[in-house]
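Overview (structure and organization)
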Amino acid sequence: MLEVPLELRCNVCGHDRFTLPAADAMDQDVRCGECRAFKCHADDLEQHMLAAASSLTPQPGKTSRRLNAV
């Protein structure tokens, strides 16, 4: 297992470090490095990271609520 920071957050504790399984490991779960909560399967990690990145990227034609609250 390798513990690395990712552009994801744990849904349980909010931690940003996760344990990644070795390629030959029987358990292919990605888990929070702090509370060990399940995040996703290793095969699905790229999809989860892309979804997290797209939720942070502003959509064209939409502005932040903070900008509108001036």
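Use the structure listed above.
The structure reproduced in this document is the subject of the present report. (Residues numbered from 1 in each chain as written. Predicted model: local features only at pLDDT ≥ 70, side-chain atom pairs only at ≥ 80, totals over all residues. Heavy atoms only, no water.)

1. Section: the overall build of the chain
We apply this condition: Working definition: helices are DSSP H or I runs of at least four residues, strands are E runs of at least two. Numbering for both runs from the N terminus. Partly exposed describes any residue whose relative accessible area lies between the buried limit of under 20% and the exposed limit of over 50%, with all areas from a 1.4 Å probe on protein chains only and scaled to the type maximum. We call two residues in contact whenever any of their non-hydrogen atoms come within 4.5 Å of each other. Where accessible areas are quoted, they stem from the Shrake-Rupley method and a 1.4 Å probe; at the residue level, only the protein chains shown are allowed to cover.
Per the secondary structure count, the chain includes two helices and four strands. Out of the 70 residues belonging to the chain, those deemed buried represent 21%. Partitioning the contacts of the chain with sequence separation of at least 6, the portion at a separation of at least 24 is 20%. Accessible area of the chain: about 5,500 Å², with a carbon and sulfur share of 53%.

2. As for the pairing of strand β2 (residues 17-20)
Basically, it comes down to this: When DSSP finds two or more bridges between two strands, those strands count as paired.
Pairing geometry for strand β1 (residues 2-5) and β2, over four bridges, is antiparallel. Looking at the pairing, V4 lines up with F18 of β2. Bridging between β2 and strand β3 (residues 29-32) involves two bridges; their strand directions are antiparallel. When the bridges of β3 are listed, T19 appears paired with R31.

3. Notes on the sheet that holds β3
To keep it simple, the criterion reads: To define axes, lines are fitted to C-alpha atoms, for helices over the stretch in contact only, and angles between the resulting N-to-C directions are given on a 0 to 180 degree scale.
Pairing within the open sheet is antiparallel, and its four strands lie in the order β1-β2-β3-β4. With one partner strand each, in any of the chains shown, β1 and β4 (38-41) form the two edges of the open sheet. Adjacent strand axes in the sheet meet at a mean angle of 30° when their direction is disregarded. Bridge count for β3 against β4 is three bridges, and the pairing is antiparallel. Counted as the bridge partner of D29 is H41 from β4.

4. Examining the pattern of salt bridges
As a reminder, the rule being used: Take a side-chain nitrogen of Lys or Arg and a carboxyl oxygen of Asp or Glu: if they are within 4 Å of each other, that pair is a salt bridge.
The tally for this structure, following the rule as stated, stands at three salt bridges. Measuring nitrogen to oxygen at the nearest pair gives 3.7 Å for the salt bridge that ties D16 to R9. With a shortest N-O distance of 3.2 Å, R31 and D29 are connected by a salt bridge.

5. Some remarks on the nonpolar core
Basically, it comes down to this: By nonpolar core we mean a set of buried residues, namely Ala, Val, Leu, Ile, Met, Phe, Trp, Tyr and Cys, connected to one another through side-chain atoms within 4.5 Å.
Listed in full, the eleven residues of the largest apolar core are V4, L6, L8, C10, F18, V30, C32, A37, C40, L45 and A52. Only β3 and α1 (45-56) provide two or more residues apiece to this core. C32 has contacts with C10, C13, H15, R17, F18 and A37, leaving out every residue within four places of it along the chain.

6. Observations concerning the side chain of T19
Quick reminder of the rule: Throughout this description, a polar contact denotes any pair of N or O atoms lying within 3.5 Å of each other; where both atoms belong to protein, one of them has to be capable of donating a hydrogen while the other can accept it, and for residues adjacent in sequence the pair is counted only when both atoms sit in side chains.
Secondary-structure assignment places T19 in strand β2. One polar contact links T19 to R36, side chain to side chain, over a distance of 3.0 Å. For T19, the residues in contact, after removing those within four places along its chain, are M1, L2, E3, D29, V30, R31, G33 and R36.

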